[in-house]
Amino acid sequence: MMAIETKPWDVTEILDSPEAIAAYLDAVLEERDPAFFRKALGDVARAVGMSKLATDSGVTREALYKALGENGNPTLDTLTRITGALGVRLSIAA
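(A) Quick look at the packing of helix α1 (residues 18-29) against helix α2 (residues 34-48). Relative to each other, α1 and α2 sit at 165°, their axes nearing to 9 Å. Here α1 is positioned roughly antiparallel relative to α2, judged by the angle of their axes. Judged by the twist between their axes, the crossing of α1 over α2 is right-handed. Along the contact surface, α1 presents I21, Y24, L25, V28 and L29, while α2 presents F36, F37, A40, L41, D43, V44 and V48.

(B) Spotlight on the environment of D26. Structurally, the position occupied by D26 is in helix α1. Judged by relative accessible area, which is 48%, D26 ranks as partly exposed. Residues D26 and L90, spaced 64 residues apart in sequence, show a C-alpha to C-alpha distance of 8.8 Å.

(C) Up close: unusual backbone geometry. Of note in the backbone geometry, R32 takes a positive phi value of approximately 55° without being a glycine. If you trace the backbone, R32 turns up in the loop between α1 and α2.

(D) Here's a closer look at the environment of A20. Within the fold, A20 resides in helix α1. By relative accessible area, which is 22% here, A20 ends up partly exposed. Sequence separation between A20 and V44 is 24 residues, and the spatial gap between their C-alpha atoms is 9.9 Å.

(E) Expanded view of the environment of T55. Tracing the sequence through the fold places T55 in helix α3 (residues 50-57). Between the C-alpha atom of T55 and that of A85, which follows or precedes it by 30 residues, the distance is 8.8 Å.

(F) Summary view of the packing of α3 against helix α4 (residues 61-68). With their axes 9 Å apart at the nearest point, α3 and α4 run at an angle of 105° to one another. Between α3 and α4, the interaxial angle falls into the category roughly perpendicular. Every residue of α4 that contacts α3 at M50, S51, L53, A54 and S57 is listed here: R61, L64 and Y65.

(G) How the structure looks around a nonpolar patch on the surface. On the surface, L29, L76 and L90 cluster together into a nonpolar patch covering about 270 Å² of accessible area. You can call L90 partly exposed: its relative accessible area is 36%.

Conventions we followed
- Residues numbered from 1 in each chain as written.
- Predicted model: local features only at pLDDT ≥ 70, side-chain atom pairs only at ≥ 80, totals over all residues.
- Heavy atoms only, no water.
- Axes fitted to C-alpha atoms, helices over the stretch in contact; angles between N-to-C directions.
- Helix = DSSP H or I, 4+ residues; strand = E, 2+ residues; numbered from the N terminus.
- Parallel < 35°, antiparallel > 145°, perpendicular 65-115°, else oblique.
- Left-handed = near helix turned anticlockwise from the far one by under 90°.
- Contact = heavy atoms within 4.5 Å.
- Buried < 20%, exposed > 50% of the residue type's maximum accessible area, 1.4 Å probe, protein only.
- Patch = residues over 30% accessible without salt bridge, like charges linked within 9 Å, V, L, I, M, F, W, Y side chains within 5 Å.
- Areas by Shrake-Rupley, 256 points an atom, 1.4 Å probe, with all protein chains shown as cover.
- Salt bridge = Lys/Arg side-chain N within 4 Å of Asp/Glu carboxyl O.

Remember, this is a structural readout, not a statement about activity or role.
Now the structure itself:
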C-alpha cells in the first residue's frame, strides 16, 4: 500500500481574486471575532503581497504589519484603505 503524501493547507492559495477574498472575509466576519478578522486580513495581505497592498492602499508596510499583527488593532481608516485596495468593501446589513 502506498503512503499518502500530504502538505499543510494554506488559505492564501485560494485568495486569488476579489470574489474569493470577499467570500473569505465575509465568512470570517460571521464569527464576530475581531482577532480572527485581523488574522484573516493578514492572510489576504500575504496572498496579494504586503508591498503591493501597501502601495495600493497608501498605508506603509510597517503600519500594515503593525495593524495586522498579533496585537494589532487596525483603525477604520486602515480597514477601508485595505479593503479598497483589495477591490472589496465592508458593508452592514440588517
